[in-house]
Amino acid sequence: MGVGALFALNGGVVGVWASRIPNITERHGLSEASLGMLLLLIALGAIASFGLAGRATDRFGAEPVSMGLAVLGTVFLIATALAPSSAALALALALMGASLGAMDVSMNAWAAKLDAGAPREAMPVFHALWSMGAGLGAASGALTLSLGWGITTHFAGLGALGLTLALPLVVAAGGLGPSNTPGTGSLGPTFAVPPRALVGLGAMAGLAALGEGAMIDWSALFLVQAVGSTQGQAALGLTVFSICMVATRLAGPVILDRVGPRRAAVASGFVAAIGVAIALASTTPMGVLLGFAAMGLGYALIFPLAMSGAAKHPGLSPGRAIATVATLGYSGILVGPVLIGFVAHGTSLSHAFGLLLALALVTSVIAMRARLAP
């Protein structure tokens with residue numbers, strides 16, 4: 001329960017921030033290009049923190065590291081609301097990205113340890129809690145705007161509420177006790193060439209993140225351009241995708257118990273590809289939404305399975321293994337939206353989504369050979 005609360009808190013911070021991006025943009029007079037660069041800093045801060053987070057997790061334990069980073073991530077969220085200038089905002093965003101990214105490594109290491117002792121694969125459920133936290137955080141934007149709350153009040157209030165709810169659960173779960181993941185002596189370099197098995201898992205995570213990032217940034221525009229959806233219909237694209245992703249992750253333990261991680265990962269890539277094909281072939285908004293729903297079903301389990309596989313990699317500490325896969329995975333978030341935009345600019349958005357179909361099939365091929373349980 002404790003680590004699940006931290007997954008929800010991490011997602012909640014991301015959702016709260018995302019819900020107020022238009023207000024932040026207006027306050028600082030940011031152009032689209034400037035906003036894009038600032039958003040990039042979040043991902044870059046996360047990637048820069050992964051190696052250090054892996055070492056800290058292995059040395060001090062996942063529980064206390066996760067708790068400390070949860071507090072830092074919330075503090076830096078509030079700092080984005082207090083930033084007096086664009087430069088200060090950039091620094092706050094980079095630090096928030098680093099804190100949340102490092103927390104991603106430590107809490108996945110904690111979840112993997114619990115997962116190892118569970119009768120069923122539980123990692124997808126933890127990632128479902130992250131998605132639900134992000135959704136609730138995003139919904140808080142509409143609520144606080146209707147109440148007339150300013151950005152600072154919103155961020156500080158929701159941040160304090162999140163910590164108040166999450167940290168007691170972590171303490172009750174033993175987060176302040178002796179670490180169950182003690183230091184391992186010589187941990188090796190912070191950055192090193194990853195073993196081939198981790199490259200495969202990282203590629204799976206990266207391709208799944210690429211698809212999810214493409215949906216976040218381009219699904220609404222695809223609905224408008226491809227089938228002439230209204231703005232209201234277009235907003236449903238990401239909603240349908242996210243609901244199906246959360247539902248599949250919650251059902252993950254049962255699915256994996258029935259078919260096993262490898263078959264689930266292979267099938268997930270095919271389902272995602274079928275979803276893209278349905279969306280591309282559809283001539284109505286309802287058809288595209290059906291395709292997006294299938295994409296949510298397909299992408300849901302791939303990232304958590306890659307994380308779980310990394311934590312079980314023999315001969316490498318969970319912290320370093322998860323940090324390696326997370327680095328490769330987050331590269332997909334960086335590359336995905338830019339790649340879709342580049343291809344769409346040169347051809348069309350439909351052609352760009354066709355690339356997602358091909359990459360989803362590549363994910364299935366990689367899963368056939370990746371170091372996953374049968």
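Residues numbered from 1 in each chain as written. Predicted model: local features only at pLDDT ≥ 70, side-chain atom pairs only at ≥ 80, totals over all residues. Heavy atoms only, no water.

Colleague: So what exactly am I meant to see when it comes to the side chain of Thr 80 here?
Modeller: Mapped onto the fold, Thr 80 is located in helix H4 (residues 62–82). A polar atom in the side chain of Thr 80 sits 2.5 Å from the backbone oxygen of Leu 77. Setting aside chain neighbours within four positions, we find Thr 80 in contact with Trp 17, Ile 24, Leu 89, Ala 92, Leu 93, Met 96 and Phe 155. (Helix = DSSP H or I, 4+ residues; strand = E, 2+ residues; numbered from the N terminus. Polar contact = N/O pair within 3.5 Å; in protein donor to acceptor, adjacent residues only side chain to side chain. Contact = heavy atoms within 4.5 Å.)

Colleague: I keep staring at helix H1 (residues 2–19) and nothing clicks. Help me out?
Modeller: Between its first and last C-alpha atoms H1 spans 26 Å; for 18 residues at 1.5 Å apiece the expected length is 26 Å, and the two agree. Summarising burial for H1: 15 of the 18 residues are buried, a large majority. (Expected span 1.5 Å × (residues − 1). Buried < 20%, exposed > 50% of the residue type's maximum accessible area, 1.4 Å probe, protein only.)

Colleague: Where do I start with the packing of aromatic side chains in this structure?
Modeller: By convention here, two paired aromatic rings are described through the distance between centres and the angle between planes. This structure, assessed with the given rule, holds 5 aromatic pairs. For the ring pair Phe 7 and Phe 126, a centre distance of 5.6 Å and an interplane angle of 20° mean the geometry is stacked. Here Phe 7, found in helix H1, pairs with Phe 126, found in helix H6 (residues 123–147); they are 119 residues apart in sequence, far enough to count as distant. Each member of the pair, Phe 7 as well as Phe 126, carries the same accessibility label: buried. With a centroid separation of 6.0 Å and an interplanar angle of 50°, the aromatic rings of Phe 222 and Phe 292 are classed as tilted. Taken as a pair, Phe 222 in helix H8 (residues 196–227) and Phe 292 in helix H12 (residues 285–299) lie far apart in primary sequence, 70 residues in all. Note on accessibility: Phe 222 and Phe 292 belong to one class, buried. An aromatic cluster of three or more residues is present, and its members are Phe 222, Phe 292 and Phe 353. (Phe/Tyr/Trp six-rings, centres within 6.5 Å; stacked < 30°, edge-to-face > 60°.)

Colleague: Looking at this model, I keep getting lost on the layout of surface pockets. Mind explaining?
Modeller: Space left empty within the atom packing is revealed by a probe, the size of a water molecule, rolled over the atoms. Approximately 410 Å³ is the volume found for the second largest pocket. Along the walls of the second largest pocket sit 21 residues, with Ala 8, Leu 9, Gly 12, Gly 162 and Leu 165 positioned nearest its centre. At the level of elements, H1, H6 and helix H7 (151–172) are the ones that each hand at least two residues to the lining of the second largest pocket. Grouping the amino acids of the lining of the second largest pocket by side-chain chemistry returns 15 nonpolar, 6 polar and no charged. (1 Å grid on protein atoms, 1.4 Å probe; cavity = no way out; pocket = protein on both sides within 12 Å on 5 of 7 lines; lining within 4 Å. Points joined across faces, edges and corners; volume = space filled by probe spheres on them. Nonpolar A, V, L, I, M, F, W, Y, C, P; charged D, E, K, R; others polar.)

Colleague: Quick question: what am I supposed to make of the environment of Ala 109 here?
Modeller: Following the sequence through the fold, Ala 109 ends up in helix H5 (residues 86–116). Taking the relative accessible area as the measure of exposure, Ala 109 reaches 6% and is therefore buried. For the pair Ala 109 and Ala 300, spaced 191 residues apart in sequence, the C-alpha separation works out to 19 Å. Residue contacts for Ala 109: discarding those within four places in its chain leaves Thr 57, Ala 62 and Ile 322.

Colleague: I tried to follow a nonpolar patch on the surface on my own but got confused; where do I start?
Modeller: Taken together, the side chains of Met 37, Leu 40 and Leu 44 define a hydrophobic patch exposed on the protein surface, amounting to about 260 Å² of accessible area. Among the secondary structure elements, Leu 44 is positioned in helix H3 (residues 32–60). For Leu 44, a relative accessible area of 40% puts it in the partly exposed group. (Patch = residues over 30% accessible without salt bridge, like charges linked within 9 Å, V, L, I, M, F, W, Y side chains within 5 Å. Areas by Shrake-Rupley, 256 points an atom, 1.4 Å probe, with all protein chains shown as cover. Salt bridge = Lys/Arg side-chain N within 4 Å of Asp/Glu carboxyl O.)

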